[in-house]
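Coordinate analysis (summary)
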Amino acid sequence: MIQNETPWEPSQRYPDPRFRAFHPSFHRFRAMNGAVEKLAGGCRWAEGPVWFGDHRALLWSDIPNDRILRWDEVTGQVTVFRQSSNFANGNTRDRQGRLVTCEHGGRRVTRTEHDGRITVLADRYDGKRLNSPNDVVVKSDGSVWFTDPPFGIAGHIEGHKAEPELPHGVYRIDGQTGAVTLLTDELAGPNGLAFSPDERILYVVESRAEPRRIAAYDVTEDGRIANRRVAVQGEPGDTPDGFRLDTEGNLWCGWGMGGPDFDGVRVFSPQGEPLGHIDLPERCANLCFGGLYRNRLFMAASRSIYSVLLTVQGVAGG
């Protein structure tokens, strides 16, 4: 069992003062008796959380330790789900409930079948190896969308050092044919990505822009993207990473690195207005919604995993 090694003092007050509102509307997302909880520690860099409701369990990647971990909601225990994980980063589930994973080490996107077999969905484009797939989402039509910056091949900490063969890209894997399509190579460091609730907009973090920002694209009927614009323009110190949307279209973004006031989760309206922040003692890289009603936010924050109950629900499949 993984030890919960980092000291943590939960709030003794309701509502939890770790919720900071920038706009009055943020208060309604906070459950009166919903406080931030620490579920696990002992990671080197926690990423890619994904909820498995049928198992009442959360999976996430611990990239430098080359493993995927599992938290059991019933027992509270944390165990190793997979090691080696090929330096897994982003994870999600497809519409058949299978685990879909971005692997830095394998430079590929894989799917774990129900019987445990691993299927390679994509490892090349145009005859060249992918860089290091970073984050992934699955659309309701079964197509798999992922980002491919070179972060995992930049050194030997989160993958294997190598020279990029392709530019930074955002890709789509057709759910029927398996064909891989390059959607765009115009973003510097494409990172987290997610769909709007109606799947008409694709949001992508541009993590090597100065400062970072979140781009938005219209999703066309033929499965491509168009009309690039800025959905959230960061300021110096802002570090959007992985994110998900709630059913109202608000963006819940992993945040941090600019100082203690930045660490945690930053929430934006569909119009890009900052609504509020959930303070954590560590930088948050990624998050997901889970629980029985998709109203429990799970946050992968540097060395630890946190959660909090909300009054808003996450988008199904996110």
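Provided above is the structure to which this section pertains.
Reading the values: the criteria
- Residues numbered from 1 in each chain as written.
- Predicted model: local features only at pLDDT ≥ 70, side-chain atom pairs only at ≥ 80, totals over all residues.
- Heavy atoms only, no water.
- Helix = DSSP H or I, 4+ residues; strand = E, 2+ residues; numbered from the N terminus.
- Rg over C-alpha atoms; globule rule 2.2 N^0.38 Å.
- Buried < 20%, exposed > 50% of the residue type's maximum accessible area, 1.4 Å probe, protein only.
- Contact = heavy atoms within 4.5 Å.
- Areas by Shrake-Rupley, 256 points an atom, 1.4 Å probe, with all protein chains shown as cover.
- Pairing = 2+ DSSP bridges.
- Axes fitted to C-alpha atoms, helices over the stretch in contact; angles between N-to-C directions.
- Polar contact = N/O pair within 3.5 Å; in protein donor to acceptor, adjacent residues only side chain to side chain.
- Lys, Arg positive; Asp, Glu negative; His and termini not counted.
- Salt bridge = Lys/Arg side-chain N within 4 Å of Asp/Glu carboxyl O.
- Core = buried A, V, L, I, M, F, W, Y, C linked by side-chain atoms within 4.5 Å.

What follows concerns the overall build of the protein. Along its length, the protein carries zero helices and 27 strands. For 318 residues, the compact-globule estimate of 2.2 N^0.38 gives 20 Å, and the protein sits close to it at 18 Å. If you line up the protein on its principal axes, its C-alpha atoms span 55 × 45 × 35 Å. Relative to its 318 residues, the protein shows a buried fraction of 58%. For the protein, the proportion of contacts with a sequence separation of at least 24, taken over those separated by at least 6, is 46%. Carbon and sulfur atoms form 47% of the exposed surface of the protein, whose accessible area is close to 13,200 Å².

Spatially, S7-S8-S9-S10 is the arrangement adopted by the four strands of the open sheet, whose pairing is antiparallel. In this open sheet, the two edge strands, each paired with only one partner strand, are strand S7 (88-93) and strand S10 (118-122). Each strand of the sheet is rotated relative to its neighbour by a mean of 25°, with strand direction disregarded. As paired elements, strand S9 (residues 108-112) and S10 share four bridges and run antiparallel to each other. Pairing of arginine 111 across the sheet is with threonine 119, part of S10.

Okay, the environment of glutamate 73 next. In this structure, glutamate 73 sits in the loop between strand S5 (67-72) and strand S6 (78-82). Spatially, the C-alpha atoms of glutamate 73 and leucine 39 are 9.4 Å apart, while their sequence positions differ by 34 residues. Apart from residues no more than four positions distant in its own chain, glutamate 73 is found in contact with Trp51, Arg56 and Arg296. A distance of 3.5 Å separates a polar atom in the side chain of glutamate 73 from a polar atom in the side chain of arginine 296.

Across the junction of glutamine 83 and serine 84, the peptide omega takes the value 0°, indicating a cis bond. Following the sequence through the fold, serine 84 ends up in the loop between S6 and S7. Residue proline 211 is reached from glutamate 210 by a cis peptide bond, and omega for that bond is -10°. Positive phi, normally seen in glycine, also occurs at phenylalanine 87, with a value near 55°. Within the secondary structure, phenylalanine 87 sits in the loop between S6 and S7. Using a relative accessible area of 11% as the deciding quantity, one classes phenylalanine 87 as buried. One non-glycine residue, arginine 294, lies in positive phi territory at about 55°. Judged by its relative accessible area of 30%, arginine 294 is partly exposed.

Here we come to the side chain of glutamate 282. Locating glutamate 282 in the fold gives a position in the loop between strand S24 (274-279) and strand S25 (286-290). Buried charge glutamate 282 goes without a salt bridge, the closest partner of opposite sign being lysine 38 at 5.0 Å. Other than its neighbours up to four places away in sequence, glutamate 282 contacts Asp263, Gly264, Ala301, Ser302, Arg303, Ser304 and Tyr306.

Attention now goes to the pattern of salt bridges. Summed over all chains, the structure comprises 24 salt bridges. Of the charged contacts in the structure, one is a salt bridge between glutamate 186 and arginine 228, with a shortest N-O distance of 3.5 Å. Of this pair, glutamate 186 sits in the loop between strand S16 (180-184) and strand S17 (190-195) while arginine 228 sits in strand S20 (residues 225-233), and the two are 42 residues apart along the sequence. With its nearest N and O atoms 3.0 Å apart, the salt bridge here joins aspartate 218 to arginine 229. Here arginine 229 lies in strand S20 and aspartate 218 lies in strand S19 (residues 213-219), a separation of eleven residues in the sequence. Overall, arginine 229 belongs to the partly exposed group, its relative accessible area being 29%. Put simply, Arg95, Lys139, Asp141, Arg172, Asp174 and Glu199 are held in one network by salt bridges that share partners.

A separate point is the sheet that holds S19. With antiparallel pairing, four strands are arranged side by side in an open sheet as S17-S18-S19-S20. The open sheet has two edge strands with one neighbour each: S17 and S20. Averaged over all pairs of adjacent strands, the angle between their axes in this sheet comes to 25°, without regard to strand direction. Relative to S20, S19 is paired through six bridges, and the arrangement is antiparallel. Of the residues in S20, the one forming a bridge with aspartate 218 is alanine 226.

Moving on to the nonpolar core. In this structure, Val36, Trp252, Val265, Ile278, Leu297 and Met299 are the most contacted members of the largest nonpolar core, which totals 21 residues. Among the elements of the structure, strand S23 (264-268), S24, S25, strand S26 (296-301) and strand S27 (304-309) are those that each provide at least two residues to this core. At three residues, the largest contribution of residues to this core is made by S26. When near neighbours in sequence (up to four residues on either side) are disregarded, valine 36 contacts Trp8, Pro10, Asp16, Arg18, Phe19, Ile278, Leu280, Met299, Tyr306, Ser307 and Val308.

Honestly, it's all geometry; don't read function into it.
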